[in-house]
Amino acid sequence: MQSIAGAIKSKSFGNLVKRNFYNVLDADLSDVGYDAFITNGKTHWQVDGSPGDRLRLRVVNTSTSSYFYLNYAGGPLEVIAADGLDITPTKLDKLLISTAESYDFLVTVPQSGQYEFRATSFDGTGFTSTWIGDLNSTQYPAPDIPQPDIYQLSVDMTNAMIAMKKGSKNMPKGHKKTNTMPAMSNMMKNEFTGGPAETRPGAPYGKLRSPDKTTLAKNRPWREVKLDLTGDMDRYLWTFNGKTLAEDALIAIKKGENVRFVMTNKTMMRHPLHLHLHGHFFRVVTEQGEYSTLKHTVDVAPMQTTIIEFAANEEKDWFFHCHNLYHMLSGMERIVHYEDTEVAPEVMAQRYKAYEDPWYT
Ligand SMILES: [Cu+2]
């Protein structure tokens, strides 16, 4: 929660009044305050190696609910893979990694000294380091990531949320529908909204280019699934289209279809959406067009619409959920279910087990 004194001091008290008038909740950077952040079990982890060696660092965000900015003391990050799949190598000064995502980087062991590869918590509460190079020599720290300006963030996100509320009044309230989609090029132009309502850089998907075309076969029918990401901190209930798994368990798809999820984040925080077991890598539709990158987890920023597409070429049931595990357990999860088969009984049993509602005194 923001302090009133802090809002006055940062000249954003007007925003606080506005938020209350329009019933917009505060912006959230994280759910939980942690005491420390760790890499392979340590706050400071070390990699030895001979000077000049090229190392592949595979960074997997295995946290429960944290996002991190990654950066390196030895220059820009050389990104070579996303979620385990090769991309066209690219250089980025820093990169936001959401929960459950992974990226591979190439780094060179320095001739002298040790360089810091740093992961800074998105909420600015701490970081964890990997030191690369001669362990007993001078340490060269990675550049500090500026602290988030929570008052400016709140102003930006409040305005974006009010604009969204006003704009969505006349929009149809569709849940799921099947239809034939217009040409891909039109979809790309019209539907990728990019820019989250935050002043700090988000996920780098627009810069990630697949080495091969990732477009789906043209002769298959399309199914579009509209998923609004909904929920808030007050009730601590996180949902798709306002419903938990217990209220609406299945997203039905059919083998042989091309499936498109259109996901609009109507909450005041980010959500890392994950299609489980990696049976389906999906393409994240970006300005890279036909070469949009493949992923198994995608960060959807507040007030942003993100489109993913995959070929339905498996069978049975696949778990799709927010990979912030607290959000998942409160209801932001679905079973992506292939039609024409029974839902496995153990899957349905699990569904109710998660929602037992015992009495408390
Ligand atoms: Cu979430």
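Bear in mind that the values here come from a model prediction, so they are computed numbers and not experimental data.

About the cut-offs
Residues numbered from 1 in each chain as written. Predicted model: local features only at pLDDT ≥ 70, side-chain atom pairs only at ≥ 80, totals over all residues. Heavy atoms only, no water. Helix = DSSP H or I, 4+ residues; strand = E, 2+ residues; numbered from the N terminus. Buried < 20%, exposed > 50% of the residue type's maximum accessible area, 1.4 Å probe, protein only. Pairing = 2+ DSSP bridges. Donors = N, O, S within 2.8 Å, 3.2 Å for Na, K, Ca; no water. Salt bridge = Lys/Arg side-chain N within 4 Å of Asp/Glu carboxyl O. pLDDT = per-residue confidence, 0-100. Contact = heavy atoms within 4.5 Å. Axes fitted to C-alpha atoms, helices over the stretch in contact; angles between N-to-C directions. Polar contact = N/O pair within 3.5 Å; in protein donor to acceptor, adjacent residues only side chain to side chain. Phe/Tyr/Trp six-rings, centres within 6.5 Å; stacked < 30°, edge-to-face > 60°. Core = buried A, V, L, I, M, F, W, Y, C linked by side-chain atoms within 4.5 Å. Domains from an automatic or database assignment.

Q: Teacher, can you tell me more about the overall build of the protein chain here?
A: Secondary structure assignment for the protein chain yields six helices and 22 strands. Burial statistics for the protein chain: of 361 residues in total, 49% are counted as buried.

Q: Sorry if this is basic, but what is going on with the pairing of strand β4 (residues 77-82) here?
A: Regular strands place side chains that alternate from one sheet face to the opposite one. A large share of β4 lies buried, amounting to five of its six residues. Bridge analysis of β4 against strand β5 (residues 85-92) gives five bridges, and the strand direction is antiparallel. Note that in β5 the partner of A81 across the bridge is D86. The turn joining β4 and β5, which pair antiparallel and follow one another in sequence, is formed by two residues; a positive phi near 50° is taken by D83. By the bridge criterion, four bridges tie β4 to strand β7 (residues 102-108) in an arrangement that is antiparallel. Within the sheet, the bridge partner assigned to A82 lies in β7 and is Y103.

Q: Before we go on, may I ask you to explain the coordination of the copper ion in this structure?
A: In ideal tetrahedral geometry, four donors around a metal make angles of 109.5 degrees, whereas ideal octahedral geometry with six donors gives angles of 90 or 180 degrees. Taken together, H271 (ND1), C322 (SG) and H327 (ND1) make up the full set of protein donors to the copper ion, lying 1.9 to 2.2 Å away. Sequence spacing among the residues donating to the copper ion works out to H-x50-C-x4-H. Linking H271 in strand β16 (residues 271-275) with H327 in helix α5 (residues 325-330), this pair joins segments that are 56 residues apart in sequence. The class of H327 is buried, set by a relative accessible area of 0%.

Q: Hey, could you run me through the pattern of salt bridges in this one?
A: Any two side chains of opposite charge can pair, so long as their charged atoms come close to each other. Scanning all chains against the criterion turns up 17 salt bridges. Between R118 and E116 there is a salt bridge, with the nearest N and O atoms lying 3.1 Å from each other. Of the two residues, R118 and E116, neither departs from the other in class, the shared state being buried. One salt bridge connects D228 with K266, and the closest N-O pair in it is separated by 3.1 Å. Residue D228 is located in strand β12 (residues 222-232), and its partner K266 is located in the loop between β15 (258-265) and β16; the two are separated by 38 residues in the primary sequence. Here the salt bridges do not stand alone but share partners, grouping R56, R58 and D104 into one network.

Q: What should I look at first to understand the confidence of the model for the protein chain in this one?
A: For residues with low pLDDT, the predicted coordinates do not support detailed interpretation. On average, residues of the protein chain score 87 in pLDDT, and 88% of them are at 70 or above. β4 holds the highest mean pLDDT among the elements of the protein chain, 98, whereas helix α4 (residues 184-191) holds the lowest, 37. Under a pLDDT of 50 for its full length, residues 170-197 has, in the predicted model, 49 contacts with residues more than four places off or in other chains.

Q: How should I be thinking about the sheet that holds strand β2 (residues 54-60) in this particular structure?
A: Hydrogen bonding along the main chain pairs the strands of a sheet, whether they run parallel or antiparallel. Pairing is antiparallel across the open sheet formed by four strands, whose spatial order is β2-β7-β4-β5. Two strands bound the open sheet, and with one partner strand each, they are β2 and β5. On average, each strand axis in the sheet is tilted by 25° relative to the strand beside it, whichever way the strands run.

Q: Sorry, what's going on with the side chain of D83 here?
A: Secondary-structure assignment places D83 in the loop between β4 and β5. Take D83: its relative accessible area is 5%, and that puts it in the buried class. A distance of 3.2 Å separates a polar atom in the side chain of D83 from the backbone nitrogen of T297. Setting aside anything within four residues of it in sequence, one finds D83 in contact with E101, S102, F281, K295, H296 and T297.

Q: Is there a simple way to explain the packing of aromatic side chains in this structure?
A: Each pair of aromatic rings is reported with the distance of its centres and the angle of its planes. Tallying each qualifying case throughout the model produces 14 aromatic pairs. Here Y67 and F122 contribute two aromatic rings whose centre-to-centre distance is 6.0 Å and whose plane-to-plane angle is 45°, an arrangement assigned as tilted. Taken together, the residues Y67 in the loop between β2 and β3 (68-72) and F122 in the loop between β8 (114-121) and β9 (127-133) connect sequence positions 55 residues apart. A single burial state applies to Y67 and to F122, both of which are buried. Relative to F117, the ring of F105 has its centre 5.5 Å away and its plane inclined at 55°; by these criteria the two rings are tilted. Of this pair, F105 sits in strand β7 while F117 sits in strand β8, and the two are 12 residues apart along the sequence.

Q: Honestly, the nonpolar core in this entry has me stumped. Any pointers?
A: The tendency in soluble globular proteins is for nonpolar side chains to be buried as a group. L70, F105 and F261 are the most contacted members of the largest nonpolar core, which has 50 residues in total. Two domains each put at least three residues into this core: domain 1 (44-140) and domain 2 (172-353). Membership of the second largest hydrophobic core comes to 16 residues, among which are A27, Y67, F122 and L153.

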